Amino acid sequence: MKCRIPLFGIIVLIIGICLCISPVAGKYIDSGYTQSFDAASLTNPPFGEEIAVKFWIAAVDNDIQDISVAFKESEAYIDESSFSYTFDSPNQQNVPLDIRTTGKNTWSIAKIKRGEKVTLTFNAYPKTIRKEKLAIGTASIVYTPILDNNQKANPISEDLIQLNAGLADSAWFKYDALQKKYDAEQKSKADIPIWNYTLTGIAAVAIIIAIILFICLLRTKSQLNKEILQAKTGWKSDLLLIRDKLREADESNIPNIRTTVEELLISDRMLVIETSEKTHDTQESGKRTEKKGNTGGF
């Protein structure tokens, strides 16, 4: 008995064998980026707070050509005038055959051979510095691979590559940290009981009042001493005058001396003496009353 193999099975087998031995397409390109935010304004020019972006594209297993790289802004302004490029090649040539800008933030590269890399460098300025992670924008790449038989493959468009930047060191977050520290200190001070401040205020007011009263007392005492000295000086001069008149006096001068004494008694200089005498009389009267009370009224 002969074993018959269906024609359809043979066709499937042949196709499977062809798929197994056919070469697998390699990786065409490699791309990526780095970024650096100048929070401390160390670069000059420009003058700080810019994001320096380096975006690179390299041909891996095949040459690529007709490359277009386009950048779109998102949360940062891309400085078109800041664009520059570098070219790395293991070959002898130092620059690619054709690399140029074709529009706003768009670059065209004629060809990159396997193992070569082009790096595009530009500055972006954040629209806000209040985000720790800022979306600078996106980058898109369109290129045509060159196969091993030097035939062009269909153009390939890479998905949009998101470009992000870290702004954790921006002035806003430094200010925010200082503000939070200040608020914490104020809250800590507010937790102190209010009566501590009240006692401090009362003590300060009491000290001020005591100083004022002490100054007033010194001034009053000084004024009183001055008045007493003036009174003593006046009385001394008056007594000297009376003494001189008494030395030269005879019986006919006695009325004049008496008149002078009476004038002195009614003058303003007697006020101090009269006040003193009244105080002395009052004290003496009080002593008599007290003594009389102690004897039972007898």
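Everything numeric here is computed off the predicted structure, so don't read it as measured data.

Draft legend 1. Seen up close, the side chain of Thr 106. Within the fold, Thr 106 resides in strand β6 (residues 106-112). Among the residues examined, Thr 106 registers a relative accessible area of 18% and is labelled buried. Setting aside chain neighbours within four positions, we find Thr 106 in contact with Ser 68, Val 69, Ala 70, Arg 100 and Thr 101.

Draft legend 2. Highlighting a nonpolar patch on the surface. There is a patch of nonpolar side chains on the surface, built from Ile 207, Ile 211, Phe 214, Ile 215 and Leu 218 and spanning about 490 Å² of accessible area. Given the relative accessible area of 45%, Leu 218 is considered partly exposed.

Draft legend 3. Geometry of the sheet that holds strand β7 (residues 117-126). Taken in spatial order, the 4 strands of this open sheet run β1-β2-β7-β4, and their pairing is antiparallel. Since the sheet does not close on itself, it has two edges, and those belong to β1 (29-37) and β4 (76-88), each with one partner. When strand polarity is set aside, the average angle formed by the axes of neighbouring strands in this sheet is 20°. Here 9 bridges tie β1 to strand β2 (residues 51-59), and the two strands are oriented antiparallel to one another.

Draft legend 4. Up close: the pattern of salt bridges. Counting across every chain of the model gives 5 salt bridges. For Glu 75, the salt bridge goes to Lys 131, with nearest N and O atoms at 2.4 Å. Linking Glu 75 in the loop between β3 (64-73) and β4 with Lys 131 in the loop between β7 and β8 (133-145), this pair joins segments that are 56 residues apart in sequence. Using a relative accessible area of 22% as the deciding quantity, one classes Glu 75 as partly exposed. A relative accessible area of 35% means that Lys 131 is categorised as partly exposed.

Draft legend 5. Seen up close, the packing of aromatic side chains. Enumeration over the complete set of coordinates arrives at 7 aromatic pairs. Centre to centre, the rings of Phe 71 and Phe 83 are 5.8 Å apart; their planes meet at 40°, and the pair counts as tilted. Here Phe 83 lies in strand β4 and Phe 71 lies in strand β3, a separation of 12 residues in the sequence. No difference in accessibility class separates Phe 71 from Phe 83, as the two residues are buried.

Rules behind the numbers
- Residues numbered from 1 in each chain as written.
- Predicted model: local features only at pLDDT ≥ 70, side-chain atom pairs only at ≥ 80, totals over all residues.
- Heavy atoms only, no water.
- Helix = DSSP H or I, 4+ residues; strand = E, 2+ residues; numbered from the N terminus.
- Buried < 20%, exposed > 50% of the residue type's maximum accessible area, 1.4 Å probe, protein only.
- Contact = heavy atoms within 4.5 Å.
- Patch = residues over 30% accessible without salt bridge, like charges linked within 9 Å, V, L, I, M, F, W, Y side chains within 5 Å.
- Areas by Shrake-Rupley, 256 points an atom, 1.4 Å probe, with all protein chains shown as cover.
- Salt bridge = Lys/Arg side-chain N within 4 Å of Asp/Glu carboxyl O.
- Pairing = 2+ DSSP bridges.
- Axes fitted to C-alpha atoms, helices over the stretch in contact; angles between N-to-C directions.
- Phe/Tyr/Trp six-rings, centres within 6.5 Å; stacked < 30°, edge-to-face > 60°.

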